[in-house]
Amino acid sequence: MEKFHIVGPTRLAGRVRASGAKNAALPALTASLLTDEPLTLRRVPRVRDIRTLQKLLDHLGIGAEEREGALILRRERESSDHDAPYDLVKTMRASVLVLGPLLAKVGHARVSLPGGCAIGVRPIDQHLKALTALGADVQLSHGYVEVTGKLTGTRFRFDMPTVTGTENVMMAAALARGTTVLENCAREPEVVDLANLLNAMGARISGAGEETIVIDGVESLGAADHTIIPDRIEGGTYLIGAVLTRGDVTLEGANAADLAPLLDKLAGVGASVEVSAEGIRVHCAGDIQSLDLETAPHPGFPTDLQAQYMTLMTRADGVATISETIFENRFQHAPELARMGADIRVEGGRARVYGPKSLTGAGVMATDLRASACLILAGVAAEGETVVDRIYHLDRGYEGMELKLQSLGARVARWSVPMS
Ligand code: EPZ
């Protein structure tokens, strides 16, 4: 079992570079199922979710080779097995992203239902409704979903914006017969990045990033060489850390437009935000004000930065009401922050954070990927020693976080503790 040992308080200062976006790389990897040609992906982050998906793709006949920093995926053998087994899917629900491309390419897929996770039930009913509308036969049994059929373009409206739902169906429609119009789509930058990749492979997709996406199906898709967009959630985590610790951090290689909802918030609480060719510089010397937050689909404030923002509000002057509108159970970091001295009262989908409170180091436990990040930031700002347990959650989506924090001046070390 691995833990992070942190000694605070330290001030984060310096330059840090964003890695490739995990949530753009995952659908990009599954796009390899749509073609018989090699797919070259650059800036793929070295995180556990990517390795997990590579194992699943290997099981499905797609090999991966690292060459000069790029990941080259190519079909190495015809696999009669179009199954995504439970033991792989249960560790990473994004495995559901193989459903659309497999169905489109070979007319069949059988994927273990992902099941819930710490932050919520996370159904995939929208994915299945859309694939049904495209002409697929959908069967649910023994914890698996099986989809078969040839796909025909149609018009479909999602009941709510769903990121992987939009991605799954966009990939399925790319090889469908005729035109598909998808309405009420997710508008996240990761959706746009996937559309750009698919178009580079020969797809004909327009409108990604808007509510309505139009996909003209094509016969086949070919090779592409694509660089994954920078990770706005990883980068935003370090920028929040700059304000939390009254520091001065420049985030390099990030796309400021993708981070606009966060940058507006940081300026609103009283931090200085400067965007230039050098990168995004955020610094804060004085006190910060409490500011309410409501998470929303892009271009609203991302739910994946809610926990980190809650940590920031523990040290802001006033009361901040944080409304989590995307997931039903995404405040599990609150009681862990309370162990460090925060005053947070959770009522359903709302958390009230009373500040400013000086945080003190404590033993805390990560419950999910972004909660891990918020507790680590809290440890950096807190007086004394913090040990964050279950750091495997963090390694799913943050590339070398301890190294990046150390380069910004934090006193953090990864401890490997033998399983008791
Ligand atoms: C993606 O998850 C991200 N994961 C999540 O990041 C992110 O939190 C989430 O989008 C919201 O931005 C990846 O991209 C791999 P949704 P996804 O479908 O696609 C409901 C992280 O930390 N819904 O947009 O699974 C759902 O329950 C992870 O990197 C249905 O009801 O999220 C939720 O309330 C955590 N039926 C809302 O929609 C469906 O069929 C949005 O979920 C699909 C979704």
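Refer to the structure printed above.
Now for a look at the structure at hand. Computed from a predicted structure; not experimentally measured.

## Side note on the overall build of the protein
Counting secondary structure elements, the protein contains 14 helices and 24 strands. Computed over its C-alpha atoms, the radius of gyration of the protein comes to 21 Å, within 12% of the 22 Å expected for a compact globule of 420 residues. By the burial criterion, 57% of the 420 residues in the protein qualify as buried. On the protein, roughly 15,900 Å² of surface is accessible, and the fraction owed to carbon and sulfur atoms is 48%.

## Observations concerning the packing of aromatic side chains
Evaluation of the coordinates by the stated rule reveals two aromatic pairs. With centroids separated by 5.1 Å and ring planes inclined at 90 degrees, the aromatic side chains of F156 and F158 adopt a geometry described as edge-to-face. The exposure classification of F156 matches that of F158, with both residues buried. Seen from their ring centres, F301 and Y309 are 5.7 Å apart, and the 65 degrees between their planes marks the pair as edge-to-face. Accessibility classification places F301 together with Y309 in one group, the buried group. The lysine or arginine in question, R110, covers the ring of Y144, its NZ or CZ lying 3.9 Å from the ring centre. Between the NZ or CZ atom of R345 and the centre of the ring of Y354, over which it lies, the distance is 4.1 Å.

## Examining the pattern of salt bridges
Evaluated as defined, the whole model comprises 25 salt bridges. In this structure, D343 and R345 form a salt bridge, with 3.0 Å as the shortest nitrogen-oxygen distance. Residue classification places R345 among the partly exposed positions, given a relative accessible area of 40%.

The rules we used
Residues numbered from 1 in each chain as written. Predicted model: local features only at pLDDT ≥ 70, side-chain atom pairs only at ≥ 80, totals over all residues. Heavy atoms only, no water. Helix = DSSP H or I, 4+ residues; strand = E, 2+ residues; numbered from the N terminus. Rg over C-alpha atoms; globule rule 2.2 N^0.38 Å. Buried < 20%, exposed > 50% of the residue type's maximum accessible area, 1.4 Å probe, protein only. Areas by Shrake-Rupley, 256 points an atom, 1.4 Å probe, with all protein chains shown as cover. Phe/Tyr/Trp six-rings, centres within 6.5 Å; stacked < 30°, edge-to-face > 60°. Lys NZ or Arg CZ within 6 Å of the ring centre and 35° of its normal. Salt bridge = Lys/Arg side-chain N within 4 Å of Asp/Glu carboxyl O.

These values are about where atoms sit, not about what they do.
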